[in-house]
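Survey of secondary and tertiary structure
Residues per chain are reported as follows:
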Amino acid sequence: MLLNRQSSGERWRARPDGPGKVTGALAYLTDRTAPDMLIGRVLRSPHPHAAILAIHAEKARALPGVHAVLTYRDVPGLNGYGIAVQDQPVLCVDRVRYVGDAVAAVAADTDAIADQALSLIEVEYRLLPIVESPAAALADGAPLLHGDGNILHRTDYKRGDVDVAFASCTHIVEEVYDSPRQMHTYMETEGGLFVPEKDGRLTVHSPTQHGFMDRLQLSRITGMPEERIRILSSPIGGSFGGKDELNVQPYGALLALKTNRPVKIHNSRKESVRAGLKRHPMVIAMKTGIDANGAILAHQVKITADTGPYATLGAEVLNFATEHALGPYRYGSVEVDSVSVYTNNGMSGEFRGFGGNQAIFALEGQMDRLADACGMDPWDFRLRNMRESDAPGPFGQPIAPTNGAKQAWDALEASSLWQERRQNESAATVLRSESSGGMKAPWLKTGIGAAFIMHGSGLGVGIPDPGGGRIKLAPDGKIEVQFGYEECGQGLLASLELMLIEQFGFAPEDLRLVIGDTDVVPNSGSTTASRATTMMWKSLQRLRPGFQKELLAAAAALLGLPEELLRLGRGGIWNSRAIGENRGNRGREADVEYADLAAAAGDMAGIDISGIADTGSGNAACKHGADVDVTEDTEERLLLTYRALAGKTPRPIVAETSFAFPASPFPRTGAHYLYTFAAVAVKAEVNTLTGRVRVLEQYHAVAAGPVVNPQGYLGQIEGGSIMALGYALTEEALMQQGQYATSNLDTYLIPTIADAAGEMAIEPIEELPEGDNYGPRGIGEIGSVGLAPAILAAVHDATGKRLNRLPIDPLQLAERPAFT
Amino acid sequence: MSVIWHPQDAAEAIRLKETFGAEGRFISGGTWLSVQWENGAPRPGHLIDVSAIPAMRGIAVQSKALTLGAMTPLSVARRDPLIGKSFPLLREAARSIAAPSIRNLGTIGGNIACKTGDLLPALLVCDAELNWHDGHRLITESASDWLNGTRGETKPPDGLLLQVKLALKETPMFEGAAERVIEGYHKIGRREAFTPSVVTAAYRAVLSPEGVVQSIRLAAGGGLMIPQRLTESESLLIGRMMSPKLMERLYEVILREVQPRQDAFVSCEYRKQTTAAVMSAGLWQTYREAASA
Ligand SMILES: Cc1cc2nc3c(=O)[nH]c(=O)nc-3n(C[C@H](O)[C@H](O)[C@H](O)COP(=O)(O)OP(=O)(O)OC[C@H]3O[C@@H](n4cnc5c(N)ncnc54)[C@H](O)[C@@H]3O)c2cc1C
């Protein structure tokens, strides 16, 4: 069934952070100010590659209104950061390696003074040759960007002997796929407010996907113990992986500590473009061979990623791309060789899809070409080579059994869009032109294409992947739920709220959701890798029995009733639903005040519980409700509010859980255990006069287990696919000689609503294999992966042209018009 | 920081401009200027805000011509029923520019005076005339002559543009037997909306009932290119009968004649090819649609 507002019924709810976001009342962290605050700014290198000979900051320091000018000499702790490897200097010492490299930081009374101060800092540079591309970086005699060379990471995977296998192939397809540097383009650029507290602690109000990682990194840089730093990290105005790594936090923190004044930093869009992370541009060469029956005998892949000047998660992204270049297919022999290379281009790093987007763009391109080669339908060809449900993962690693691949395949096959393509195919004359106005515009050609996606969630083998959370009855009677995950706009709070309502029976007003504060929440890992929803679901599953039992036991003791007759509900503890339901009664809201008062007075006789009391054995009532004879006036009643319960319980009621994201018992770093599968079909129109492509219709089948929150699910798949639309058609952070040609959103073009027009049907496949208790799989990334290759397939269907580069270059599709 | 002046009439505005020379700049909506500044252009010492000058405001119909004040916002050009009815290409051009907030501020005059505005190809094929105040007197010049006179220079005009004048077509005496007008405006960007143009192309042809081209205007622009009339391509068509073969030749001549400018994102080759394609195919398609109607 398609997922939409209608089919979601009552589960379609206004999200808790919705009204604030829609009205603009909600303040993001970068909207915060503090009395007496200073403005922080960073001086960045104008050069992609240069030696620093000297930094003269005296003039800037002497400027009235300037309170601090920091250079590398002023970094008390480690002058380096990076989630995985701390090789990115906070403030550069003797060399700059890209145009975002920070050389100095300034705190001043106003933005204008800070700006002037930056212009007064004199840095003497000696220009060094620019390493413009991975090819240049790997060439003999290339300038070395780091002590140990220009290679950040290499990884490979081999099974069988591809050379032998190619020799027996009937068809071999070779292609090189080129993917662009894509920008996250979050609405809220990087920034924050950094406040030194009276007790000597530092409070950081700054968006990040992992507060505890920021705390650790800032502790290294400032030399302060971690507990002395508090990170407030939600709500976030979009992140998409881009704010997982540190950005302005080191400068804000150091300036605040130096001046002992609150400091605010907020990047302009230009500075965000210049300094921020991007998706890795990759060149992926694939050679794949099949036998006469269309079975893949050999698959050879070479991935080269442009990781920019420093590591961040470049190695992990490469590992992911390596795994996903294999995907859900069966091969005789495989060989993947991957390398991530340092250059003087912009920073590449974590980005929704995490290297899968590039790999699957290439892999799906191969599948279409191979189907062509052997004359098979492209979708049938995929099925021909599809993994079995109990097959191991791409690296041969044990994974959670899943039939997701076949389910997604079947769903797409049955979709009306794909059926339309099948009909077009079988029709004697294929009509590929659409009418415009009165007559057929002969230059408009439409086609339908599809792509398949297998996407791993979680961080994978060998990387700490903690999960967990806490739930408690707060003294004020709120059910307080604490998670170390962040609200980046993805709807995490809405999903959490709905899970609490559905799994526990709470009402929204009973709840206080606490996230994004390292002083309060447990460390449950980063909000990344499509893991947060799975982790929260699992946490709640683990927390529920204990927490529920404790609440009910406490209530039972207070009410003098058997626990079994009580349940959690809106506002407090109710008599068990079993009785009311069996008698066909609908619950009614009891007089809360009355229940409260009665409870407080301990006057249990004053509460109407006759319906329950009359049943005698509570156990019996619970287990065999239908058989129990209860009095006529039995109704569901609120017996005790959470507030009253909180006031009465002798000790706090808290449950906490921590565990690790499920991982494969396999010795290969990054290999995944849980996978989500999806299939995308798209109808696109190519204007052959202009070479421009428009997407007319999309269909997404996603096999990710139960839909936790319908609105969030739709939001993720639709939003992800719009991101992929940009990736396919318009988005490229173009660099020339190490400088961004796209310095802001005038030239870096994300899709508008006019580009994203057209129908989008989304079909969740909720069924999981029997006994699967890993719960809902993450869907935060998978929507952003498949649309680009599906568009390329549709373009081929429309024009007969196979493209190998993103974003699509219209010149390749433009044709000389025919005048008939 | 610039000093902002608010002259109340054209003469005063011109005096200010003469006083400050290159350091003084007219500003209408300021939308184009702000893009320049954002991209690093120096801010002038003096901004001469021309929005209060009465002669530059409003839309008037006089003696078979429509006169648009230079201060007319793009959003008005997009909405005004008379413009829409008499000059649909102009409306279409205004529709394709920027986004609502910018169309509310940005003006027709600023779009013309910046020399790369997307209105220009439409104005060229409508034979628009420009009324300028050059400091001494009023000058009327066709948009085409003015653009040719700039010889590709991007420096801002010294004079003050007061109005744009468009001749209103006479209503044909006999419906049906009359000549046919086929016209079109195409803006191709790098995305569907709110996009700088890569190619803008406008055409307007008057055909005899038999399909012979009696008058023709072809104009192209886009990106940093200063829009131009394609006179060689026009002369190819004039007096000739519409036919596939003629269109093939038109495609070739446009390809040769149009002089686009490339930037980091889009090549000249693409711009030439696309201009030639949308113009020749657009003309042909509109002609065939009109013929079959
Ligand atoms: C985000 C964005 C998107 C845009 N997209 C487009 C687009 O798609 N297509 C497009 O064509 N333009 C676009 N523009 C540019 C601009 O908005 C329009 O060209 C607008 O019409 C300019 O008018 P203005 O009144 O704002 O001009 P201003 O910025 O005030 O002036 C522009 C130039 O003309 C001069 N000038 C202004 N008025 C006069 C006058 N009366 N006489 C003599 N000289 C004068 C100024 O000195 C300046 O050199 C865009 C701008 C922005 C900010």
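Only a predicted model underlies this, so the values are computations on that prediction, with no experimental measurement involved.

**Some thoughts on the overall build of chain A**
Within chain A, the regular secondary structure consists of 23 helices and 29 strands. On C-alpha atoms alone, chain A measures out to a radius of gyration of 29 Å, which is about the 28 Å that the 2.2 N^0.38 rule sets for 820 residues. Here the C-alpha coordinates of chain A stretch approximately 90 × 80 × 60 Å along the principal axes. Expressed as a percentage of the 820 residues in chain A, the buried residues total 62%. In chain A, of all internal contacts separated by at least 6 residues, the share reaching a separation of at least 24 is 81%. Accessible surface, chain A: about 29500 Å² in total, of which carbon and sulfur atoms supply 51%. For chain A, the distance from the average site of its 76 positive side-chain charges to the average site of its 98 negative ones is 3 Å.

**Details of the packing of helix α7 (residues 211-222) of chain A against helix α8 (residues 249-259) of chain A**
Residues and elements named next belong to chain A. Axis separation between α7 and α8 bottoms out at 10 Å; the angle between their running directions is 50 degrees. The orientation of α7 relative to α8 falls into the category oblique. Two packed elements cross with a definite hand, and for α7 against α8 that hand is right-handed. For the pair formed by α7 and α8, the contact residues are Asp214, Leu218, Ile221 and Thr222 on the first element and Gln249, Pro250, Ala253, Leu254 and Leu257 on the second. Residues that form the contact of α7 with α8 fall into these classes: six nonpolar, two polar and one charged.

**Comments concerning the environment of Ile265(A)**
Residues and elements named next belong to chain A. Looking at the element boundaries, isoleucine 265 is found in strand β12 (residues 263-266). The class of isoleucine 265 is buried, set by a relative accessible area of 3%. Measuring from C-alpha to C-alpha, the distance between isoleucine 265 and lysine 648 comes to 46 Å, with 383 residues separating the pair along the chain. Sequence-distant contacts of isoleucine 265, defined by excluding residues within four places in its chain, comprise Gly40, Glu190, Gly191, Gly192, Val248, Tyr251 and Gly252.

**A short note on the interface of chain A and chain B**
Listed as interface residues are 32 residues of chain A and, on the opposing side, 33 residues of chain B. In total, about 2900 Å² of surface goes out of reach between chain A and chain B, with carbon and sulfur atoms giving 58% of it. The interface formed by chain A and chain B contains four salt bridges. Between Glu248(B) and Arg816(A) there is a salt bridge, with the nearest N and O atoms lying 3.0 Å from each other. Applying the counting criterion to the chain A and chain B interface returns twelve residue pairs in polar contact (both at pLDDT 80 or more).

**Quick notes on the side chain of Asp87(A)**
All names here are of chain A. Along the chain, aspartate 87 falls in the loop between β3 (66-70) and β4 (95-96). Summary of buried charges: aspartate 87 has no salt-bridge partner, and the nearest side chain of opposite charge, arginine 97, is 7.8 Å away. For aspartate 87, the contacting residues outside a window of four places in its chain are Tyr81, His146, Tyr310, Ala311, Thr312 and Tyr342.

**With respect to empty space enclosed by the protein**
Residues and elements named next belong to chain A. In this structure the tally under the stated criterion is nine cavities of 30 Å³ or more. Looking at the largest cavity, its volume works out to about 180 Å³. Taken together, 21 residues make up the lining of the largest cavity; nearest its centre are Tyr81, Leu246, Asn247, Ala275 and Gly276.

**Here's the deal with the site of the ligand**
Residue and element names in this part refer to chain B. The environment of the ligand is formed by 29 residues, the closest being Phe26, Ser28, Gly29, Thr31 and Thr107. One of the side-chain N or O atoms of threonine 31 is found 2.5 Å from an oxygen atom in the ligand. The side chain of lysine 187 places a nitrogen or oxygen atom 2.7 Å from an oxygen atom of the ligand. Burial of the ligand by the protein chains amounts to 92% of its free accessible area of 970 Å². Elements with a minimum of two residues in the shell around the ligand: β2 (24-27), α2 (31-38), α7 (108-113) and β8 (160-167). For the shell around the ligand, the leading source of residues is α2, giving four residues. For the shell around the ligand, the per-class residue count stands at 15 nonpolar, eleven polar and three charged. Taken together, domain 1 (3-167) and domain 2 (173-292) each give at least three residues to the shell around the ligand, which thus spans both.

**Some words on the pairing of strand β22 (residues 572-575) of chain A**
Working note: regular strand, side chains alternate between the two faces of the sheet. All names here are of chain A. The sheet contact formed by strand β21 (residues 566-569) and β22 spans four bridges and is antiparallel. Paired with arginine 567 across the strands is tryptophan 574, a residue of β22. Taking the residues that link successive antiparallel strands as the turn, the β21-β22 hairpin has two residues, and the phi of glycine 571 there is positive, at about 85 degrees. Where β22 meets strand β23 (residues 638-641), three bridges bridge the pair, whose relative direction is antiparallel.

**Quick look at the sheet that holds strand β18 (residues 466-473) of chain A**
Residues and elements named next belong to chain A. A sheet is described by the order of its strands in space; here four strands give the open sequence β20-β19-β18-β24, paired in mixed fashion. Bordering the open sheet on either side are β20 (511-515) and β24 (654-660), each of which pairs with just one other strand. Across the sheet, the mean angle separating the axes of adjacent strands is 15 degrees when strand polarity is ignored. Across four bridges, β18 lies against strand β19 (residues 479-483) in antiparallel orientation. Opposite lysine 472, over in β19, you have glutamate 480 as the bridge partner. Helix-sheet contacts for helix α15 (residues 492-504) involve β18, β19 and β20, and the interaxial angle to β20 is about 140 degrees. Contacts from helix α16 (residues 532-559) reach β18, β19 and β24, with the element oriented near 150 degrees to β24.

**Quick look at the nonpolar core**
Of all hydrophobic cores here, the largest spans 98 residues; its most connected members are Ile303(A), Phe452(A), Val693(A), Tyr713(A), Ile791(A) and Ile808(A). Summarising the domain contributions, this core has at least three residues from each of domain 2 (131-182 + 278-386) and domain 3 (397-462 + 664-820) of chain A. In contact with Ile303(A), other than residues within four places in its own chain, are Met282(A), Val283(A), Ile284(A), Leu318(A), Ala321(A), Thr322(A), Ala325(A), Val336(A), Asp337(A), Ser338(A) and Val339(A). Ranked by size, the runner-up nonpolar core spans 47 residues in total, among them Met71(B), Leu90(B), Leu119(B) and Val164(B).

**Re the pairing of strand β25 (residues 674-687) of chain A**
Residues and elements named next belong to chain A. Within β25, 14 of the 14 residues are buried, leaving the element largely enclosed by the surrounding structure. The side-chain alternation of β25 yields two buried faces, one formed by Leu674, Thr676, Ala678, Val680, Val682, Ala684 and Val686 and the other by Tyr675, Phe677, Ala679, Ala681, Lys683, Glu685 and Asn687. As paired strands, β25 and strand β26 (residues 692-703) are joined by eleven bridges and run antiparallel to one another. Counted as the bridge partner of asparagine 687 is arginine 692 from β26. Between β25 and β26, which pair antiparallel in sequence order, lie four residues; one of them, glycine 691, sits at a positive phi of approximately 75 degrees.

**Observations regarding the domain arrangement of chain B**
Residue and element names in this part refer to chain B. One can read the domain layout of chain B as domain 1 (3-167) and domain 2 (173-292). Here the C-alpha centroids of domain 1 and domain 2 sit 25 Å apart. In this complex, domain 1 contributes 25 residues to the contact, which on the side of domain 2 involves 23 residues. Of the roughly 1700 Å² buried at the junction of domain 1 and domain 2 (both faces included), carbon and sulfur atoms supply 66%. By the criterion of area lost to domain 2, the three top residues of domain 1 are Leu89, Pro121 and Val125, representing 30% of everything that side buries. Along the contact surface separating domain 1 from domain 2 lie two salt bridges. Note that arginine 217 and aspartate 127 form a salt bridge whose closest N and O atoms lie 2.7 Å from each other. Counting across the interface, domain 1 meets domain 2 through five residue pairs in polar contact (both at pLDDT 80 or more). Contributing elements (two or more residues each) for the side of domain 1 that touches domain 2: α5 (88-95), α8 (119-125) and α9 (143-149). Among the residues making up the side of domain 1 that touches domain 2, the classes are represented as 13 nonpolar, seven polar and five charged.

**Some points on the domain arrangement of chain A**
Residue and element names in this part refer to chain A. Assigned domains within chain A: domain 1 (29-128 + 183-275), domain 2 (131-182 + 278-386), domain 3 (397-462 + 664-820) and domain 4 (466-660). Just the C-alpha atoms count here: the centres of domain 1 and domain 2 sit 36 Å apart. Taken residue by residue, the interface counts 23 residues in domain 1 and 21 residues in domain 2. Carbon and sulfur atoms make up 53% of the area that domain 1 and domain 2 hide from each other, which totals about 1800 Å². If you sort the residues of domain 1 by the area they bury against domain 2, Asp87, Arg97 and Met183 come out on top, with a joint share of 31%. Linking domain 1 with domain 2 are 14 residue pairs in polar contact (both at pLDDT 80 or more), by the criterion used here. Tallied by class, residues from the side of domain 1 that touches domain 2 come to ten nonpolar, seven polar and six charged.

**Some words on the packing of helix α11 (residues 356-374) of chain A against helix α23 (residues 787-799) of chain A**
What describes two packed helices is the angle between their axes and the distance between those same axes. Residues and elements named next belong to chain A. Following both chains from N to C, one finds α11 and α23 inclined at 30 degrees, their axes separated by 9 Å at the closest point. Classified by the angle their axes make, α11 and α23 are roughly parallel. In this structure, the crossing between α11 and α23 has a hand that is right-handed. Contacts from Ile360, Phe361, Glu364, Asp368 and Asp372 in α11 reach Pro789, Leu792, Ala793 and His796 in α23. For the contact of α11 with α23, the residue count by class is five nonpolar, one polar and three charged.

Reading guide: rules and limits
- Residues numbered from 1 in each chain as written.
- Chains lettered and ligands numbered in written order.
- Predicted model: local features only at pLDDT ≥ 70, side-chain atom pairs only at ≥ 80, totals over all residues.
- Heavy atoms only, no water.
- Helix = DSSP H or I, 4+ residues; strand = E, 2+ residues; numbered from the N terminus.
- Rg over C-alpha atoms; globule rule 2.2 N^0.38 Å.
- Buried < 20%, exposed > 50% of the residue type's maximum accessible area, 1.4 Å probe, protein only.
- Contact = heavy atoms within 4.5 Å.
- Areas by Shrake-Rupley, 256 points an atom, 1.4 Å probe, with all protein chains shown as cover.
- Lys, Arg positive; Asp, Glu negative; His and termini not counted.
- Charge placed at Lys NZ, Arg CZ, Asp CG, Glu CD.
- Axes fitted to C-alpha atoms, helices over the stretch in contact; angles between N-to-C directions.
- Parallel < 35°, antiparallel > 145°, perpendicular 65-115°, else oblique.
- Left-handed = near helix turned anticlockwise from the far one by under 90°.
- Nonpolar A, V, L, I, M, F, W, Y, C, P; charged D, E, K, R; others polar.
- Buried area = accessible area lost by both parts, 1.4 Å probe.
- Salt bridge = Lys/Arg side-chain N within 4 Å of Asp/Glu carboxyl O.
- Polar contact = N/O pair within 3.5 Å; in protein donor to acceptor, adjacent residues only side chain to side chain.
- 1 Å grid on protein atoms, 1.4 Å probe; cavity = no way out; pocket = protein on both sides within 12 Å on 5 of 7 lines; lining within 4 Å.
- Points joined across faces, edges and corners; volume = space filled by probe spheres on them.
- Near = heavy atom within 4 Å.
- Domains from an automatic or database assignment.
- Pairing = 2+ DSSP bridges.
- Core = buried A, V, L, I, M, F, W, Y, C linked by side-chain atoms within 4.5 Å.

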